[in-house]
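Architecture and fold: a report
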Amino acid sequence: MFLYNVSVIAEETIHNDIVSWIQDNIVQSQKFQVHFLEMLQSPHEGMTYCIQVVLPSEEHIADFQQVHLIPLQQFISELYKDKVFLFDSTMKYLKK
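Figured I'd write up the structure that's included with this text. Small disclaimer: the values here were computed from a predicted structure and weren't measured. Starting afresh in each chain, residues are numbered from 1 along the sequence in its written order. Owing to the predicted nature of the model, reporting of local features is limited to residues with pLDDT of at least 70; listing and counting of side-chain atom pairs is limited to 80 or more, with chain, interface and lining totals taken over all residues. The basis for every side-chain value is the complete set of heavy atoms in the structure, and neither hydrogens nor water enter the calculation.

**Section: the pattern of salt bridges**
For this analysis, a salt bridge means a side-chain nitrogen from Lys or Arg found within 4 Å of a carboxyl oxygen belonging to Asp or Glu. All chains considered together, the criterion is met by two salt bridges. The shortest N-O distance in the salt bridge between Lys 83 and Glu 11 comes to 3.6 Å. Of the two residues, Lys 83 sits in the loop between helix H2 (58-79) and strand S4 (84-92) while Glu 11 sits in the loop between strand S1 (2-10) and helix H1 (15-27), which places them 72 residues apart along the sequence. For Asp 63, the salt bridge goes to Lys 31, with nearest N and O atoms at 2.8 Å. Within this pair, whereas Asp 63 is found in helix H2, its partner Lys 31 is found in the loop between H1 and strand S2 (34-38), the two being separated by 32 residues in sequence. Strands are runs of DSSP state E lasting at least two residues, helices are runs of H or I lasting at least four, and both sets are numbered from the N terminus onward.

Encoded structure:
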C-alpha cells in the first residue's frame, strides 16, 4: 500500500480559487478516496494544502496522476503561473 501526497503552496491572494478547484475536481472523485488537508504552521509563505490518497500500487498512483494531477497542473499553469507551487511524494507503508 502507498500513500500518495501532493502538496500545494498557493499565494494567499488566490488560494480560495485553488481550494475550490481541488474540492470540485479532485476531492469529489468517485474513483479515489481523497483526503484534503490544510497544513497548519507551514514554514512556507502563503497557504499550504495536501491532497492525499491511499493506493494499492504504483499503477494506481500513475492513474491518479493522469486523472487528477495533470489537470490540476494545467489549471494552475493557465491561470496562476508563478503563484502556486506543487510537489508530490510517494510513501510506502511498512509492514509491522
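**Notes on the sheet that holds S4**
Strand order in the open sheet made by the four strands is S2-S3-S1-S4, with antiparallel pairing throughout. Two strands in the sheet have a free side with no partner beyond their single neighbour: S2 and S4. Neighbour-to-neighbour, the strand axes of the sheet open up by a mean angle of 20°, direction not taken into account. By the bridge criterion, nine bridges tie S1 to strand S3 (residues 47-55) in an arrangement that is antiparallel. From the neighbouring strand, Tyr 4 faces S3, where its bridge partner is Val 53. Should any heavy atoms of two residues lie within 4.5 Å, those residues are considered in contact. All axes are obtained by fitting lines to C-alpha atoms, using only the stretch in contact for helices, and the reported angles, taken between N-to-C directions, cover 0 to 180 degrees. Strands S1, S2, S3 and S4 of the sheet are contacted by H1, whose axis makes an angle of about 165° with S2. Against the sheet, H2 contacts S1, S2, S3 and S4, and its axis sits at roughly 175° relative to S4. Two strands make a pair as long as DSSP finds a minimum of two bridges between them.

**Topic: the pairing of S3**
Between buried and exposed lies partly exposed: a residue is buried under 20% and exposed over 50% of the maximum accessible area for its type, with that area taken using a 1.4 Å probe on protein chains only. The element S3 is largely enclosed, with a buried count of seven among its nine residues. Across five bridges, S2 lies against S3 in antiparallel orientation. Bridged to Glu 38 within S3 is Tyr 49.

**As for the side chain of Ser 7**
Mapped onto the secondary structure, Ser 7 falls in strand S1. Taking relative accessible area as the criterion, Ser 7 reaches 4% and is therefore assigned buried. At a separation of 3.0 Å, a polar atom in the side chain of Ser 7 contacts the side chain of Asn 5. If sequence neighbours within four positions are ignored, Ser 7 has contacts with Tyr 49, Cys 50, Phe 85, Leu 86 and Phe 87. Here a polar contact is recorded for every N or O atom pair within 3.5 Å, except that within protein the pair must consist of a potential hydrogen donor and a potential acceptor, and residues adjacent in sequence are included only if both atoms are side-chain atoms.

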